[in-house]
Amino acid sequence: MSIKPLIILPDPLLRQVSKPVERVDSDLRKLADDMLETMYDAPGIGLAAIQVGEALRLLVIDLAKEGEPPAPHVFINPEVLESSDQRSVYEEGCLSIPDYYAEVERPAAVRVKYLDRDGKLQEMQAEGLMATCLQHEIDHLNGVLFIDHISKLKRDMVVRKFKKLAKEKAPGKMVG
């Protein structure tokens, strides 16, 4: 396994809609394993393939707490079938928007269908943090970031900050 470089805002790739996975094979499972390693290293609890530069409808989640054994989930071509009317608010962060957190309101529960790492069709009824995490990562697959769920004023401030940081990190121009 290998750790993949993370794509960071304002990279336009983060706004790309990911393509469905056509075949579940050893290459896709290797990508999922690499994504899990990247997520654990960050550390995070969820990661979409687009965040490591792969525009595929693939995401990984592990909500195990520190000291618990890993409990990785791989979701291929995930699709929300149903969302609850009840809402919940969680403070969300994102590996592609480092060190920024904001409260986001989402449906409290979702029913999701997906393929597992063996290509078998599965369905999950998710509540609480798993529901929030699934919605957050599926948003990535649709080119949506969690900051799109906060006020325009806050979102614009975050985007400006990351554009400025990107300019500061850009290689300097050579003179002469």
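What you are looking at is a predicted structure, and each value in this text was computed from that prediction instead of being measured.

For the chain, the count of helices and strands is 3 helices and 7 strands. The helix and strand sequence of the chain, counted from the amino end, reads α-β-β-β-β-β-β-β-α-α. Seen through its C-alpha atoms, the chain measures out along the principal axes to roughly 60 × 40 × 35 Å. At a minimum sequence separation of 6, the contacts of the chain that also span at least 24 residues come to 64%. Within the structure as shown, the chain displays about 10100 Å² of accessible surface, and the carbon and sulfur contribution to it stands at 53%. In the chain, 24 positive and 29 negative side-chain charges are present, and the distance between their average locations comes to 8 Å.

Attention now moves to the UniProt feature "active site" (unreviewed entry) in the chain. UniProt's feature table lists "active site" (unreviewed entry) at Glu137, given in the numbering used throughout. Turning to its location among the elements, Glu137 is positioned in helix H2 (residues 128-141). Setting aside residues up to four positions removed in sequence, Glu137 forms contacts with Gly46, Leu47, Ala48, Gln51, Leu59 and Ile61.

Turning to helix H3 (residues 152-169), a few remarks are in order. Each turn of an α-helix holds 3.6 residues, which means side chains three or four residues apart point in the same direction. Taking 1.5 Å as the rise per residue, H3 with 18 residues should run 26 Å; its terminal C-alpha atoms sit 26 Å apart, in good agreement. Among the residues making up H3, those that are buried are Arg155, Val158 and Phe162. The arc that holds every buried residue of H3, seen down its axis, measures 65°, which confines them to one face. The exposed set on the far side of H3, more than 90 degrees from its buried face, consists of Lys152, Leu153, Arg160, Lys164, Lys167 and Glu168. Next to the buried residues of H3 lie strand E5 (97-107).

The rules behind each value
Residues numbered from 1 in each chain as written. Predicted model: local features only at pLDDT ≥ 70, side-chain atom pairs only at ≥ 80, totals over all residues. Heavy atoms only, no water. Helix = DSSP H or I, 4+ residues; strand = E, 2+ residues; numbered from the N terminus. Contact = heavy atoms within 4.5 Å. Areas by Shrake-Rupley, 256 points an atom, 1.4 Å probe, with all protein chains shown as cover. Lys, Arg positive; Asp, Glu negative; His and termini not counted. Charge placed at Lys NZ, Arg CZ, Asp CG, Glu CD. UniProt positions renumbered as here; feature names shortened; annotations may be inferred. Expected span 1.5 Å × (residues − 1). Buried < 20%, exposed > 50% of the residue type's maximum accessible area, 1.4 Å probe, protein only. Arc of directions from axis to C-beta.

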